[in-house]
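An overview of the molecular structure
The residues making up each chain are set out below.
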Number of protein chains: 2
Amino acid sequence: MTATRFDLLGIGNAIVDVVATAHDSDIARLGLRKGGMTLIDAAQAVSLYDAMAPGIESSGGSVGNSCAVAATLGARVAFLGKVADDVLGRVFRHDIEAAGVHFPTTPLGGSEVPTARCLIMVTPDAQRTMSTYLGACVAFSADDVDPALVADAAITYLEGYLFDPEPAQEAFRYAARLARQAGRRVALSLSDPFCVGRHRAAFRELVRDQTDILFANEAEICSLYETDDVFAAAAAARAEVAIAVITRGAAGSMVLAGPVAVEVAAEPAQVVDTTGAGDAYAAGFLAALTQGKNLAVAALLGARAAARVIEHYGARPIGALDGLNAALAGLED
Amino acid sequence: MTATRFDLLGIGNAIVDVVATAHDSDIARLGLRKGGMTLIDAAQAVSLYDAMAPGIESSGGSVGNSCAVAATLGARVAFLGKVADDVLGRVFRHDIEAAGVHFPTTPLGGSEVPTARCLIMVTPDAQRTMSTYLGACVAFSADDVDPALVADAAITYLEGYLFDPEPAQEAFRYAARLARQAGRRVALSLSDPFCVGRHRAAFRELVRDQTDILFANEAEICSLYETDDVFAAAAAARAEVAIAVITRGAAGSMVLAGPVAVEVAAEPAQVVDTTGAGDAYAAGFLAALTQGKNLAVAALLGARAAARVIEHYGARPIGALDGLNAALAGLED
């Protein structure tokens, strides 16, 4: 492979998170699916926000989170995603650029459609229940994918959530095709078991035909292959992609790459809010991989990055990740 | 005194905070005064925001913070402060109303002036350096003060920062006068030593003539009475107000009320970000006082509320304060 300007190009929904605490009874009363992500419309976004406790806002979006963390870990990262030209859009841009991520996507203009937001309720067990209003994200299309940029990134990383906005699906497949044609690798996060359920056939095809590195948690990989047995699902993924990464919460993670299987324990953490754990894991994994580290080191850095994110409210780390950077530099190749 | 609808009416700047970490060298490079609050204009707000690390947004404002915490502790609270009719203004309204605070102020309309924001840089020693763009707050005027509301609150609580926007100064004195005329008490927070320095003569007059309960930290009380000796400053305050409350960070707090002096130790805490510590202390103190608790209990609840806020990023507690509520109920009168 020739050298590239970027290690990682993320393509995903550009979302601002609103995080507040809630009780299990609130989740039930509001008719939400605990632990899952539900798509909502503008009116629902208003009524649900009204029902929420006081919270904090921070930039989010699954692959957006991964990009911010990977850049903080020293990877050279670009991100494509659609915000509106409004306050939250500027907040999103500020945060991802301040993390060191190149973010060239033109904001959606001349429109009343605002920047997307995700209302996240965190229950006392640290689980997050998410309700997403996609807003400007639905306008992301193949026109926003710059072929030169895709060709100049070692890995193009796509989120399953992008299958929800219709024009983004097309952009998604287009980017994957461009990356493969340029001799680069395609990574995919399944994002959410219900998202997989909504688009299972398309996901199966994409995984089999266009994916090199697959990230999924247990529920997602089981949903993809329609089984209750995570090991059977993992075996199915192993047969289809070069690197299958299954995250298992407190049980750690496993990486399956042809003849190689690696298991890594979860890092000990005082869990406050699991939002962003999977995103941070993928960031650590991909940052290590693009710096030439082996799969075990990549899984370890993923676990460490995830531990740093779940100890506070919000999906992105607050403050520098200097300790992790040093850890990465010190680990064997 | 007759019974009132509200225990506490707060009047203050309605601000959304942007919190990010920074190094001491960043503070120096940007020409900021570490630990203080600097007023900035719209252009400076943009350039400073550009220079900040990725952060979180949350509702803020000194007395606004106190009102949200006091309401969470069970006090009946109203707040007056000016936001714009924009996204951040709606975030501010959501958060304070979700905390249970009555917030009747009409948003600023027909204008390009946005909701105020405070850019807060937190250094590794957990100190915060604040830069405030007052935005819509400067439009808060005596017209926004409802005399019936003031008369219906046991304590009207004012923040020193309100002296910075010109029309708010007048509203401030007007509200204090109305409260006294209705037989209610006036509480005042000095807010910031440099704010005191900007308006010292006016503050001295207000403390002497219109204040029943004064909150200040060591730097503020020393600035007010132009001395380096905090005990001399405290004695001067004791001679002028019914209850003088001096917060001293890790050294705890002292309450001086005529012949009574109370000292209370700080609560042990894992300090992450001291933003909002003084606001939370005042909230605990006033919530206890309006529920008929004595000064020692009030100081203790103040210390506990402060400890809960400094253990995470942002000025308001995340999640319920049930433990503190129970503590309050269990403490002697």
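A quick note: this is a predicted structure, and the numbers were derived from the prediction, not measured.

Side note on the interface of chain A and chain B
- Opposite the 26 residues of chain A that make contact, chain B presents 26 residues.
- For the side of chain A that touches chain B, the secondary structure elements donating two or more residues are β4 (56–59) and α4 (87–98) of chain A.
- At six residues, the largest contribution of residues to the side of chain A that touches chain B is made by α4(A).
- Of the pairings in the sheet, the one linking β4(A) to strand β4 (residues 56–59) of chain B comprises three bridges and is antiparallel in character. Note that in β4(B) the partner of A:Ile56 across the bridge is B:Ser58.

A word on the environment of B:Ala235
- Assignment of secondary structure puts B:Ala235 in helix α10 (residues 230–240).
- Sequence-wise, B:Ala235 and B:Leu30 are 205 residues apart; in three dimensions their C-alpha atoms are separated by 38 Å.

Let's talk about unusual backbone geometry
Residues and elements named next belong to chain B.
- A positive phi is found at Ser191, a non-glycine position, where the angle reads about 75°.
- Mapped onto the secondary structure, Ser191 falls in the loop between β9 (185–189) and α7 (193–198).
- What makes Ser191 buried here is the crowd of 27 C-beta atoms within 10 Å.
- Even without glycine at this site, Glu226 takes up a positive phi of about 50°.
- Mapping Glu226 onto the fold places it in the loop between α9 (218–224) and α10.

Points about the confidence of the model for chain A
- The predicted model of chain A averages 92 in pLDDT, with 95% of residues at 70 or higher.
- Model confidence for the complex is summarised by a pTM of 0.84, with the ipTM given as 0.75.

A few points about the relation of the copies chain A and chain B
- With an RMSD of 0.0 Å, the fit of chain A onto chain B corresponds to turning through 180° and sliding 0.0 Å along the axis. In symmetry terms, the pair is related by a two-fold rotation axis. Minimal C-alpha distance to the rotation axis in chain A is attained by A:Glu57, lying at 2.4 Å.
- Most of the interface of chain A is mirrored in chain B: 100% of its interface residues are interface residues there too.

Observations concerning the sheet that holds strand β5 (residues 77–80) of chain B
Residues and elements named next belong to chain B.
- Taken in spatial order, the eight strands make up an open sheet running β5-β1-β8-β9-β10-β11-β12-β13, and their pairing is mixed. Strands at the two margins of the open sheet, each flanked by one partner only, are β5 and β13 (260–264). Recorded for the sheet is a direction-independent mean angle of 15° between the axes of neighbouring strands.
- Here helix α6 (residues 166–181) sits on the sheet in contact with β1 (6–11), β8 (153–159) and β9, set at roughly 160° to β8.
- In the packing of α10 onto the sheet, the strands contacted are β10 (213–217), β11 (243–247) and β12 (253–257), and the crossing angle to β11 comes to about 155°.

Re the nonpolar core
- Grouped together as the largest cluster of nonpolar side chains are 250 residues, with contacts concentrated most on A:Leu8, A:Ala70, A:Leu286, B:Leu8, B:Ala70 and B:Leu286.
- Contacts of B:Leu286, omitting those with residues within four sequence positions, involve B:Leu8, B:Ala70, B:Ile155, B:Tyr157 and B:Ala187.

Overview of the sheet that holds strand β3 (residues 37–39) of chain A
- Read from one edge to the other, the open sheet built from 10 strands follows the order β3(A)-β7(A)-β6(A)-β2(A)-β4(A)-β4(B)-β2(B)-β6(B)-β7(B)-β3(B), with strand pairing classed as mixed. Every interior strand has two partners, whereas the edge strands, β3 of chain A together with β3 (37–39) of chain B, have only one. Neighbour-to-neighbour, the strand axes of the sheet open up by a mean angle of 20°, direction not taken into account.
- In the sheet, strand β2 (residues 15–21) of chain B pairs with strand β6 (residues 116–122) of chain B via seven bridges, with the strands oriented parallel. Across the sheet, residue B:Val18 finds its bridge partner in β6(B), namely B:Leu119.
- Those strands touched by α4(A) are β2 (15–21), β4 and β6 (116–122) of chain A together with β4 of chain B, and its axis lies near 60° from that of β4(A).
- Along the sheet face, helix α4 (residues 87–98) of chain B touches β4 of chain A together with β2, β4 and β6 of chain B and points at about 60° away from the line of β4(B).

A closer look at α4(B)
Residue and element names in this part refer to chain B.
- Compared with the 16 Å implied by 1.5 Å per residue over 12 residues, the 16 Å span of α4 between its first and last C-alpha is a close match.
- The buried fraction of α4 is high, at 10 of 12 residues.
- Gly100 occupies a position one or two residues after α4 and carries a positive phi of about 100°.

As for the pairing of strand β9 (residues 185–189) of chain A
Residues and elements named next belong to chain A.
- Of all five residues in β9, five are buried; the element is thus mostly enclosed.
- Burial along β9 is two-sided: the face carrying Arg185, Ala187 and Ser189 and the face carrying Val186 and Leu188 are both buried.
- Looking at chain direction, strand β8 (residues 153–159) and β9 are connected through five bridges and run parallel. Note that in β9 the partner of Ile155 across the bridge is Arg185.
- Bridge count for β9 against strand β10 (residues 213–217) is three bridges, and the pairing is parallel. Each bridged residue has a counterpart across the sheet, and for Ala187 the counterpart in β10 is Ile213.

Considering helix α3 (residues 62–72) of chain B
Residue and element names in this part refer to chain B.
- With 11 of 11 residues buried, α3 is to be regarded as a mostly interior element.
- Those residues of α3 that sit buried are Ser62, Val63, Gly64, Asn65, Ser66, Cys67, Ala68, Val69, Ala70, Ala71 and Thr72.
- The positive-phi residue at the C-terminal boundary of α3 is Gly74, with phi of around 105°.

Quick look at the packing of helix α3 (residues 62–72) of chain A against helix α11 (residues 277–290) of chain A
Residue and element names in this part refer to chain A.
- Running from amino to carboxyl end, α3 crosses α11 at an angle of 45°, the nearest separation of the two axes being 8 Å. Considering the angle they form, α3 stands oblique to α11. As α3 packs across α11, the resulting crossing turns out to be right-handed. Side by side, α3 and α11 meet where Ser62, Asn65, Ser66, Val69 and Ala70 of the first sit next to Asp279, Ala280, Ala282, Ala283, Leu286 and Ala287 of the second.

Quick word on the packing of helix α11 (residues 277–290) of chain B against helix α12 (residues 295–309) of chain B
Residues and elements named next belong to chain B.
- Across the interface, α11 lies against α12 with an axial gap of 7 Å and an inter-helix angle of 145°. Every pair of crossing elements has a handedness; the one defined by α11 and α12 is right-handed. Of the residues in α12, those in contact with Ala277, Ala280, Tyr281, Ala282, Ala283, Gly284, Phe285, Ala287, Ala288 and Leu289 of α11 are Val297, Ala298, Ala299, Leu301, Gly302, Ala303, Arg304, Ala305, Ala306, Arg308 and Val309.
- Partitioning the contact of α11 with α12 into residue classes produces 17 nonpolar, two polar and two charged.

Definitions and limits used
Residues numbered from 1 in each chain as written. Chains lettered and ligands numbered in written order. Predicted model: local features only at pLDDT ≥ 70, side-chain atom pairs only at ≥ 80, totals over all residues. Contact = placed C-beta atoms within 7 Å. Helix = DSSP H or I, 4+ residues; strand = E, 2+ residues; numbered from the N terminus. Pairing = 2+ DSSP bridges. Buried ≥ 20, exposed ≤ 12 C-beta atoms within 10 Å, placed from the backbone. pLDDT = per-residue confidence, 0-100. Least-squares fit on C-alpha atoms with pLDDT ≥ 70 in both. Axes fitted to C-alpha atoms, helices over the stretch in contact; angles between N-to-C directions. Core = buried A, V, L, I, M, F, W, Y, C linked by C-beta atoms within 7 Å. Expected span 1.5 Å × (residues − 1). Parallel < 35°, antiparallel > 145°, perpendicular 65-115°, else oblique. Left-handed = near helix turned anticlockwise from the far one by under 90°. Nonpolar A, V, L, I, M, F, W, Y, C, P; charged D, E, K, R; others polar.

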